[in-house]
Amino acid sequence: MRAALQALLLPWLALLWLPIGFALGLSLLLAILVVDAVAWPFAVRRRRPWQPRPRDASAASIVTVTWNGRHHLEGLLPSLRREVLATGGDHQVIVVDNGSTDGTVEWLRAEHPWVEIVALPENRYFVRGNRAGVERATRDVLVFLNNDMVVQPGFLGPLLDGLRDPRVFAVAAEVFFKDPRKRREETGRTRGELRAGWLKLAHVLPSRDERALAYAPTLWAGGGSAAFDRAAYLAIGGFDELYDPFYMEDMGLSYEAWKRGFLVLFTARSSVLHEHRGTSRKAFGDDYVDAMIRRNQHLFLWRNLTSTPAIARVLLLLPIGVLLRSRRPGRSRLQGLWFEVRALLRALPRLPQALAGRCRSRPFHVRADADVFAHANSIAACRRRAGAALGELPTPRPGGRRILVLSARLPRLGHDGSWTVFRRLAAQAKVHRLTLFGFVEPGDDDGAAAALRELGIEVVTAVRVRNPMPGNLHHAIPARLWRDYGAPAMRDAVVRALESVDHELVQIEYPEMLHLLHGAPKHAPWLYVCHESLGLAASRVAAVARGPARLVAWFRAVQATAHELRLLRPVDHVIALSDADSRFLGERIQGLPCTVVPCGGEVDIGEAAAVVEEPATALFVGYFRHGPNVEGAQWLCEAILPLLRQGLPQARVRLVGRDAPPAVQALAERPGVEVAGYVADLGAAMAQATVVVLPLRQGSGLRGKLLEAWAAGKAVVATRVACEGTAARDGEHCLIADEPAAFAAAVARLFGDPELRARLGAAGRDLAQRQHGTAGIVAAYEQVYAGLCGGAR
Amino acid sequence: MKVAVFLTTGRAAADELLGRVRARWSMADVVAFANDEDRDWLRARHPDVDLRRDKPPGGKVAFVRALRREAFAEVVVAWHGGERLQPLRLVALALGRRAVAIDERGRERRVAWWAPWSWGPHLLRRGVTADPLQVARLGAAAYRATIGLLLAVAWLPLRLWLLRGRRHRPGRAA
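Model, not experiment: these values are computed from the prediction.

**Structural notes on the interface of chain B and chain A**
Working step 1: Opposite the 30 residues of chain B that make contact, chain A presents 35 residues.
Working step 2: Linking chain B to chain A there are zero salt bridges.
Working step 3: Here chain B is connected to chain A by six residue pairs in polar contact (both at pLDDT 80 or more).
Working step 4: At the level of elements, helix H6 (132-163) and strand E7 (166-167) of chain B are the ones that each hand at least two residues to the side of chain B that touches chain A.
Working step 5: Per-element tally for the side of chain B that touches chain A: the top contributor is H6 of chain B, with 18 residues.
Working step 6: In the side of chain B that touches chain A, the residues fall into 18 nonpolar, four polar and eight charged.
Working step 7: Strand direction decides the pairing type here: strand E18 (residues 589-590) of chain A and E7 of chain B, joined by two bridges, are parallel. Note that in E7 of chain B the partner of Gln590 of chain A across the bridge is Arg167 of chain B.

Okay, here's the thing in structure tokens:
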């Protein structure tokens, strides 16, 4: 009953809130714009960028704030004492007691006389407590430690080393939880972005590169496990009392430092164990802490976001954002809505303070908001500014490059056509430091990733999910891409891969991945390997469609081509697998740098010595989730086979391949058709067949199955489309036919001519070895890399 | 002639209803869908009725599809007399045949798309408990299939024309 009442009430409250929220957001925006306009002339006149100054990073003042936390200090102080002695240097340890009643001060005086105590008469909470500690600090470096931390050996050295570079404002240590079963909500490596008018902040698990590098960028250095440059800290104004009593003060400080041109770094070489909200949640309760976080997020945005479009988006979307965020676990929507509105109301009295801070810091800003997020999130972007400050990563060979390969699916051997990508990457991994990001299907085993890891490739995977979001209202994106490669979670995974890998080149495999990258930040050249042009493939579907389906197919062709042209805009270079793809794209985009490099590599189709060739059997191999293969199989069985069987009644067709849809399975009911499904030993299946056929009229790119047939020494009958990307000539390497009658005649001719079969098989194998070897392909890629990354290494 | 009967009611009422159906369509093949507890009991009392499980494996859509293939001439839904929700009215509608709801006292009401009585309670309940995202998806799909499609037919070729032939200027790395 109560739930039903709430459900009925909620839409009305939401409707009531929308105009109120909009008016509030608009008023806030006007207030901020007026203050910005008034302050702007002063900001320009008093522009004072930060001048880096040398600092003594050999000693630090370590500040810890505590309130009734003697039990926490009993863990922290011994570990800190050990670390201070092991590091050496004239360090100062300050404990600020926020008026504890558990005898902390007396205990400290008795047990830890080496600690300086700042005993405050009352609880000034985190922000003002830390400020009291800083007043006592005398060293050039400040280290803030929560009282519920335990520092790990080697904690202090990397923090101090990082601060030797005068451009660095702060260095954060990696955070682990004392309870290893807890999900790592806090790691020390932080990122953020403005999305749909709201601030998305997160701690992320450090990637391989973030761990391997001496330092990686981080959006904010946590106020409980990081070292700061004292002079810069004081110049910025320290932890802002705007956020009193706690939370977001460290974010505000670091963000201001980024905007003033500093670097804020993370290092995995230094670590702490954390109780995680060991004091605040226990003392104040979850609701209060959450409310403070939300209130301070509003204040942060009002105080720090100086880009007019960004703050306008935040405030104009405020009413909708409040509604969207009102879904809170364990709470009803009504409670969630009240929580959000109350947090906003709590922030309003501090608006003047936020605006004053905004005006104060404006003259010092040298970075825009978008720049801050780009540099703080991405190693590649930060490296452009920080250079050697982050350290260097080794490559397998001197002169190798750091390449991030983004693939729509993990390449694997003996599966679909992705074996050619596998072979290429295997060869490239001997020279370059490759990180491969790819999607796997739900329930896939780890076999493909394990095989790639054995080659020395770092593999990061994410599970492909269906897009749950509404959208694509005007059919701008082909439905398949929107549904299968449009989920926000997938896009987030790709963006995180771009950010967390130290790369100098991004290599994009498959159009689906290019689609996912649309609008993603770009920090290094993009090389797109076009396995199949979306527009060309869709045009070919339209070309063979009949009746009303033809209209639909042409609509899809226009849609796919327009979308592909849009996707190609940020790409720096395209590698097309066939001339047809290159021509199609080149005719539509002026000056598109495009190189044709075929695919290939050593074919692994197994041994088939003991298998006897069956008479008058044509084999078609295809991965039947790929539409052109389904159409090819249907064309073969419905148009070609009947003509073939008119002259040769014993002629048979065998269809081999995974995931045959009902349309392909139904072909088995036709005379002379066998649907064999997936066969483990493709070599044996090839050897059994008299000829291999490729009746493909759709799709584009280069067909791996043609190379497989040639490698097996089989004679091939194919369409012109199926031979694209190879130098195959009719009658020399295979027989080429595009019409059903000609195709049937070619197959019949081969059935009856063993000598011709042997000659074509040998010539095809020779061509595959000469033109589709891995060495030649890799060399062509090297030339493209050199062009993109600035010369050979 | 085949008649389908959905027995979403108590055992006694179902027994009563089957008797009425049998009396009214005496020559028809009656297929009744009943829950696991009542089925054997009803089968013993109505041996001439094909009693089937009302929760077949394969999901709702497969269930409806299978029923549509059987081409029932009449579909009868047990009606409790009130206006409250009865999802099987929607199943009856989806079967595309003449459908009626009959209560244990023999009162009969027509189930039809044009009668809000047939789908109104269901819509109301779904509307109150629906996931906003699901509603948004539904709305987007409806828009996409109508106005969105019309606009796309007009502007996609224009867009392609505008994009085509443009000089390639890749964005600089940030």
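**Examining a nonpolar patch on the surface**
All names here are of chain A.
Working step 1: On the surface, Leu9, Leu13, Leu16 and Ile20 cluster together into a nonpolar patch covering about 350 Å² of accessible area.
Working step 2: Relative to the elements of secondary structure, Leu13 occurs in helix H1 (residues 2-45).
Working step 3: According to the relative accessible area criterion, Leu13 is partly exposed, its value standing at 31%.

**Some words on the domain arrangement of chain A**
All names here are of chain A.
Working step 1: Taken domain by domain, chain A holds domain 1 (1-47 + 307-364), domain 2 (60-306 + 365-384), domain 3 (394-596) and domain 4 (617-772).
Working step 2: Each of domain 2 and domain 3 has a C-alpha centre, and the two are 40 Å apart.
Working step 3: Of the residues lining the interface, 20 residues belong to domain 2; the matching set on domain 3 comes to 16 residues.
Working step 4: At the boundary of domain 2 with domain 3, total buried surface from both sides reaches about 1400 Å², with 38% on carbon and sulfur atoms.
Working step 5: Its largest share of buried area at the contact with domain 3, domain 2 owes to Arg208, Asp209 and Ala380, together 38% of the area lost on that side.
Working step 6: Inspection of the region where domain 2 meets domain 3 yields six salt bridges.
Working step 7: Of the charged contacts in the structure, one is a salt bridge between Arg191 and Glu499, with a shortest N-O distance of 2.7 Å.
Working step 8: At the surface where domain 2 touches domain 3, the tally comes to ten residue pairs in polar contact (both at pLDDT 80 or more).
Working step 9: Looking at the side of domain 2 that touches domain 3, the elements with two or more residues in it are strand E7 (190-195), helix H6 (208-212), helix H15 (369-377) and helix H16 (379-386).

**Things to note about the nonpolar core**
As a rule of thumb, nonpolar side chains are buried together in soluble globular proteins.
All names here are of chain A.
Working step 1: Core analysis: the biggest nonpolar cluster contains 125 residues, and Leu406, Phe437, Met513, Leu655, Val693, Val716 and Phe751 have the highest contact counts within it.
Working step 2: The element best represented in this core is helix H25 (residues 627-647), accounting for eight residues.
Working step 3: Looking at this core, you find at least three residues from each of domain 3 (394-596) and domain 4 (617-772).
Working step 4: Once residues within four sequence positions are removed from consideration, Phe437 is found in contact with Val405, Leu406, Ser407, Val460, Thr461, Ala462, Ala493, Val494, Ala497 and Met513.
Working step 5: Counting residues in each nonpolar core, the second largest holds 113 residues, with Ile62, Ile94, Leu253 and Ala257 among its members.

**A short note on the sheet that holds strand E23 (residues 691-694) of chain A**
Residue and element names in this part refer to chain A.
Working step 1: The strand order across the open sheet formed by six strands is E22-E21-E20-E23-E24-E25, and the pairing between neighbours is parallel. Two strands close off the open sheet at either side, each with one partner strand: strand E22 (673-677) and strand E25 (735-736).
Working step 2: In the sheet, strand E21 (residues 652-656) pairs with E22 via four bridges, with the strands oriented parallel. Looking at the pairing, Val653 lines up with Val673 of E22.
Working step 3: The sheet strands contacting H25 are strand E20 (617-621), E21, E22 and E23, and the helix crosses E21 at an angle near 170°.

Quick notes on the rules
- Residues numbered from 1 in each chain as written.
- Chains lettered and ligands numbered in written order.
- Predicted model: local features only at pLDDT ≥ 70, side-chain atom pairs only at ≥ 80, totals over all residues.
- Heavy atoms only, no water.
- Contact = heavy atoms within 4.5 Å.
- Salt bridge = Lys/Arg side-chain N within 4 Å of Asp/Glu carboxyl O.
- Polar contact = N/O pair within 3.5 Å; in protein donor to acceptor, adjacent residues only side chain to side chain.
- Helix = DSSP H or I, 4+ residues; strand = E, 2+ residues; numbered from the N terminus.
- Nonpolar A, V, L, I, M, F, W, Y, C, P; charged D, E, K, R; others polar.
- Pairing = 2+ DSSP bridges.
- Patch = residues over 30% accessible without salt bridge, like charges linked within 9 Å, V, L, I, M, F, W, Y side chains within 5 Å.
- Areas by Shrake-Rupley, 256 points an atom, 1.4 Å probe, with all protein chains shown as cover.
- Buried < 20%, exposed > 50% of the residue type's maximum accessible area, 1.4 Å probe, protein only.
- Domains from an automatic or database assignment.
- Buried area = accessible area lost by both parts, 1.4 Å probe.
- Core = buried A, V, L, I, M, F, W, Y, C linked by side-chain atoms within 4.5 Å.
- Axes fitted to C-alpha atoms, helices over the stretch in contact; angles between N-to-C directions.

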